[in-house]
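Observations on the model geometry
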Amino acid sequence: MLRLEGLRVRVEDREIIKGANLEVQGRQVHLIIGPNGSGKSTLALAVAGHPAYEVVGGKIFFEGRDITSLPPDERARRGIFLAFQNPVEIEGLNMVDYLAKLIEKRTGEKPLTPLREHVVEFVTEKLGPYLEALGFNEGFLDREINVGFSGGEKKKFEILQMFALRPKLAILDEPDSGVDVDSLNIIGRLLDRALQEGITLLLITHTGGLYRHLKVDRVHVMYDGRIVASGGGDLFERIQESGFEVVIR
Amino acid sequence: MSLTEEFLVSKARQISKELGEPDWLREVRERSARLFFKLDMPEHARHVKVDFESLEYFSPAEKAEKLEELPQEIRETLEALGIPEEEMEMLAGMQVQVDSSIVYQTFSDQLRSLGVIAMPIDRAIREHEDLVRSYFARLAGPEENKILALHYALWAGGTFIYVPEGVEVPFPISALFVMRSLPIAQADHTIVVAEEGAKVHYIEGCSAPSYIREALHYGVTEVWAYPGAEVRITTMQNWANHVINLPTKRGVAMSRAKIEWVESLMGSKHTAVRPVIHLRGEGSSARNVGLSFVKGEERHDAGVVIRHLAPNTKSQVISKSVAKDRGSTNFYGKVEIVQGAKGSSGFVQCDSLLLSPEASSETIPALRSDEIDSELGHEAYVGKVAEDKLFYLMSRGLSEEEAITMIVLGFFEPVVRDIPFEYANEIKKLIELSIKGM
Ligand SMILES: Nc1ncnc2c1ncn2[C@@H]1O[C@H](COP(=O)(O)OP(=O)(O)O)[C@@H](O)[C@H]1O
Ligand SMILES: [Mg+2]
């Protein structure tokens, strides 16, 4: 589904990703782990097409097609979703209007009118079970995008957007960091549900918290801008026990 | 045709005669016509170029009994302004002015039974002459500047609203001003009076369809809020990019009275406006909230002047502007607290967002207090659409246009929140249209 071939990415005149190779098959769960600053977020942002993350070498393939030079909205339309490590605040943009727009983009359906009650009705109808599972009530939907959200609320809102968009591939950048145990369990269950619903998961994570909720197919270790090792679930457990030294030399 | 004193005076007389005005009004017109040649442009509009010679100053239009009788293009303009027909019927008190004449009006029986006077001002002069006379030109006079002199010489149309003591008008009263002929100068005169404890919300929409080439709008609005009254005025302006917009707006608030001015300004070649609100009575307050959007070569020089003349008065000014292309939007916020106005406070907030490198924005605060026991604050911010916000939205599949529109609408939200739903929704549509094709 996703294939990176010798990907090199430069940010502000510094090469951060220095030739990464990666292949993610459809309907699987892949993990990327690696020390802080190794380039995991940079890799994710480059795959999603952030203009400040310049691809200076290699290629990104999605479903067999070269998407290296596509703009971010086109990548999203083809089915790539990125849950941000640090979601961005957008003042004045109401959650419920925004979600309605995302749903409209995917399905072509719209609320009856732009009146608040109709928009809320529309979004609740489309996302009801997910809203409930995430503990987002109607009052919460009235808030501005990520403004004043707690760490956990931000991560959960990213998950909600994933369900609004139903991508083919969801790249989740540390959906478990800064999240309390209860929220972690909720996120874990919903990621498993996403997988059941046919969404391929590429998960960037440090903790075993989510690992326990998911049947992980493959684990990739990132170090200094490269994928230095790939393996099965046992690789994650070995690193959890003995640190990254196991694979870095 | 050249604009001579003789021509202007005879034009003033002719308008007065056609409208069947009383002598005192004709005299104001004649005197003002002569003043025009002696006075300068208003200070805040010195740099605005107006070709006075080429304008048509009085252009009566056909009247309609029913909305359906209005010419198609006018109805389209009204809709473009955000007033679909069903909603127009719902707005209980409303009138439509095309060029110099009121062409459509309906004011509900409910208003009449409350003793509220809400009607075209020329009719109010016939039916309530003394009342109109006691408020006419009291807050803005022809001797102040060239534009006001021209206004008082040639004004036509506008609304007169009088709300008696203690009456709360249960729905907004609205008026629409449309410029159609070409080239035209439209000078509506509106007076809103709220007696003690009265409450009223007046909504005015102004528009000129895009086929107008050269036009001038120079209306006057005078607002009186007596003790404890609350007056809210929502002005929605969507001008074609050849309209020069030089309105005059004045308000005075007596003790505990509130004046709230919400203004959405889109388009026009050049707008220069400087509403003045006097907080004359103890405990009175003013809130002035505005949004402005410029594109192409458009320029807005907006601003506000608030004078705190009594103790415990409060004012709040919020200006939000967005400039696209080579548009320029500027805001001058002047708040003065005089000595003795103890316990008063004023706050000015101006934010602007630039959508292109050639767009510009400037904020000029002028805060002054002669009273130690008072507070003044100012905040200004000029920003660009942040790349991270844009990317966040685009990574969700929204196009660049859609993403920018959302960010801009979010930016305007604190102002749009104060605008009734139907109108707010149209403002959103207009902004969407303006951002298209970036
Ligand atoms: N926008 C940016 N501007 C400057 N440096 C950046 C930017 N994004 C990432 N970097 C740098 O790239 C390196 C990798 O960062 P990142 O991809 O966030 O690592 P990780 O997610 O693995 O912790 C770090 O040295 C970081 O400082
Ligand atoms: Mg990271």
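Residues numbered from 1 in each chain as written. Chains lettered and ligands numbered in written order. Predicted model: local features only at pLDDT ≥ 70, side-chain atom pairs only at ≥ 80, totals over all residues. Heavy atoms only, no water.

It is worth spelling out the coordination of the magnesium ion (ligand 2) at this point. The magnesium ion (ligand 2) binds to the protein through A:Ser41 (OG) and A:Gln85 (OE1); the donor distances cover 2.0 to 2.1 Å. Of this pair, A:Ser41 sits in helix H1 (residues 40-48) while A:Gln85 sits in the loop between strand S6 (80-83) and strand S7 (90-94), placing them 44 residues apart in sequence. (Donors = N, O, S within 2.8 Å, 3.2 Å for Na, K, Ca; no water. Helix = DSSP H or I, 4+ residues; strand = E, 2+ residues; numbered from the N terminus.)

A word on the site of ligand 1. Residues and elements named next belong to chain A. Around ligand 1, the structure places 13 residues, and the nearest of them are Gly37, Gly39, Lys40, Ser41 and Thr42. Ser38 has a polar backbone atom sitting 3.3 Å from an oxygen atom of ligand 1. One nitrogen or oxygen atom from the main chain of Gly39 is found 3.0 Å from an oxygen atom belonging to ligand 1. Mapped onto the shell around ligand 1, the elements with two or more residues apiece are strand S2 (14-24) and H1. (Near = heavy atom within 4 Å. Polar contact = N/O pair within 3.5 Å; in protein donor to acceptor, adjacent residues only side chain to side chain.)

A complete count under the given rule lists 17 aromatic pairs over all chains for this structure. Look at B:Phe36 and B:Phe52: their rings are 5.1 Å apart centre to centre, the planes differ by 85°, and that puts the pair in the edge-to-face class. Taken together, the residues span a long stretch of sequence, with B:Phe36 in helix H2 (residues 23-36) and B:Phe52 in the loop between H2 and helix H3 (72-81) at a distance of 16 residues. The residues B:Phe36 and B:Phe52 share a single accessibility class, namely buried. Each member of the aromatic cluster is reached from another via a ring pair, and the members are A:Tyr98, A:Phe136, A:Phe140, A:Phe149 and A:Phe157. We note B:Lys146 situated over the ring of B:Phe36; from NZ or CZ to the ring centre the distance is 4.3 Å. When the ring centre of B:Tyr392 is taken as origin, the NZ or CZ atom of B:Arg396, which lies over that ring, is 4.4 Å away. (Phe/Tyr/Trp six-rings, centres within 6.5 Å; stacked < 30°, edge-to-face > 60°. Buried < 20%, exposed > 50% of the residue type's maximum accessible area, 1.4 Å probe, protein only. Lys NZ or Arg CZ within 6 Å of the ring centre and 35° of its normal.)

This part covers unusual backbone geometry. Positive phi, normally seen in glycine, also occurs at A:Glu12, with a value near 45°. The exposure class of A:Glu12 is exposed, given its relative accessible area of 73%. At B:Ala137, a position not held by glycine, the phi torsion is positive, near 60°. Relative to the helices and strands, B:Ala137 resides in the loop between helix H7 (129-135) and helix H8 (146-154). Residue classification places B:Ala137 among the partly exposed positions, given a relative accessible area of 23%.

In this section: the interface of chain A and chain B. Each side of the interface is counted separately: chain A has 34 residues, and chain B has 22 residues. Carbon and sulfur atoms supply 66% of the area that chain A and chain B bury against each other, a total of about 2,200 Å² over both sides. Linking chain A with chain B are four salt bridges, by the criterion used here. Of the charged contacts in the structure, one is a salt bridge between B:Lys389 and A:Glu91, with a shortest N-O distance of 2.7 Å. The tally of links between chain A and chain B comes to twelve residue pairs in polar contact (both at pLDDT 80 or more). Contributing elements (two or more residues each) for the side of chain A that touches chain B: H1, helix H2 (72-78), S6, S7, helix H3 (95-107), strand S8 (144-145) and helix H6 (151-165) of chain A. (Contact = heavy atoms within 4.5 Å. Buried area = accessible area lost by both parts, 1.4 Å probe. Salt bridge = Lys/Arg side-chain N within 4 Å of Asp/Glu carboxyl O.)

Attention now goes to the packing of H3(A) against H6(A). All names here are of chain A. Viewed as axis vectors pointing N to C, H3 and H6 meet at an angle of 30°, and their least axial separation amounts to 8 Å. By the angle between their axes, H3 is roughly parallel relative to H6. Note on element contacts: H6 touches H3 through Phe157, Leu160, Gln161, Phe163, Ala164 and Leu165, opposite Met95, Tyr98, Leu99, Leu102, Ile103 and Arg106. Looking at side-chain class alone, the contact of H3 with H6 contains ten nonpolar, one polar and one charged residues. (Axes fitted to C-alpha atoms, helices over the stretch in contact; angles between N-to-C directions. Parallel < 35°, antiparallel > 145°, perpendicular 65-115°, else oblique. Nonpolar A, V, L, I, M, F, W, Y, C, P; charged D, E, K, R; others polar.)

Before going further, it helps to examine the environment of A:Glu5. Residue and element names in this part refer to chain A. Its place among the elements puts Glu5 in strand S1 (residues 2-11). On the basis of relative accessible area, Glu5 is assigned to the partly exposed category, the value being 35%. When near neighbours in sequence (up to four residues on either side) are disregarded, Glu5 contacts Ala20, Asn21, Gly58, Lys59 and Phe61.

This next bit is on the sheet that holds S1(A). Residue and element names in this part refer to chain A. The four strands are arranged S2-S1-S4-S5 in an open sheet whose pairing can be described as antiparallel. Either end of the sheet is taken by a strand with one partner, and the two such strands are S2 and strand S5 (65-66). In this structure, strand S4 (residues 53-62) lies alongside S5, joined through two bridges in antiparallel fashion. Across the sheet, residue Phe62 finds its bridge partner in S5, namely Arg65. (Pairing = 2+ DSSP bridges.)

Residues and elements named next belong to chain A. With 16 residues, helix H7 (residues 181-196) should reach 22 Å at 1.5 Å per residue; the first-to-last C-alpha distance of 23 Å fits that figure. Residues of H7 that are buried: Ser183, Leu184, Ile186, Ile187, Gly188, Leu190, Leu191, Ala194 and Leu195. On the buried face of H7, the contacting elements are strand S3 (29-33), helix H4 (116-134), H6, strand S9 (169-173), strand S10 (200-204) and helix H8 (208-211). A side-chain oxygen of the first residue of H7 lies 3.3 Å from the backbone nitrogen of Asp182; this N-cap is Asp180. Downstream of H7 by a residue or two, Gly198 has a phi angle that is positive, lying close to 95°. (Expected span 1.5 Å × (residues − 1).)

To continue, consider the side chain of B:Gln349. Here B:Gln349 is to be found in strand S21 (residues 344-354). Residues contacting B:Gln349, with those up to four places away along its chain left out, are B:Val317, B:Ile318, B:Ser319, B:Lys320 and B:Glu379.

Next up on the list: the confidence of the model for chain B. All names here are of chain B. Per-residue pLDDT for chain B averages 86, and the proportion of residues at 70 or more is 84%. Residue range residues 86-93 is modelled with pLDDT below 50. Its contacts to residues more than four positions away, or to other chains, number 24 contacts. Scoring of the predicted complex yields 0.84 for pTM and 0.97 for ipTM. (pLDDT = per-residue confidence, 0-100.)

Let us look at the pairing of S6(A). Residue and element names in this part refer to chain A. Side chains Ile80 and Leu82 of S6 all project onto a buried face; the interleaved residues Phe81 and Ala83 project onto the opposite face, where all are buried too. Of the strand pairs in this sheet, S6 and S9 are connected by four bridges, and their pairing is parallel. Bridge pairing in S9 places Ile80 opposite Leu169.

What follows deals with the pattern of salt bridges. Tallied over the full model, the rule gives 42 salt bridges over all chains. The closest approach of N and O atoms between A:Arg8 and A:Glu15, which form a salt bridge, is 3.0 Å. By relative accessible area, which is 29% here, A:Glu15 ends up partly exposed. Salt-bridge contacts for B:Arg287 lead to B:Asp418; the nearest nitrogen and oxygen are separated by 2.9 Å. Of this pair, B:Arg287 sits in strand S17 (residues 285-294) while B:Asp418 sits in the loop between helix H10 (400-416) and helix H11 (421-435), and the two are 131 residues apart along the sequence. On the accessibility criterion, B:Arg287 (22% relative accessible area) is partly exposed.

What follows concerns the sheet that holds strand S11 (residues 218-223) of chain A. All names here are of chain A. As summarised here, the arrangement of the six strands in space is S6-S9-S10-S3-S11-S12, forming an open sheet in which the pairing is mixed. At either end of the open sheet lies a strand with only one pairing partner, and these are S6 and strand S12 (226-231). Between one strand axis and the next, the sheet turns through 20° on average, direction left out of account. Examined bridge by bridge, S3 and S10 share four bridges and lie parallel to one another. Within S10, the position partnered with His30 by the bridge is Leu202. Lying over the sheet, H6 contacts S6 and S9, oriented at roughly 170° with respect to S6. Against the sheet, H7 touches S3, S9 and S10, its axis set at about 145° to S10.

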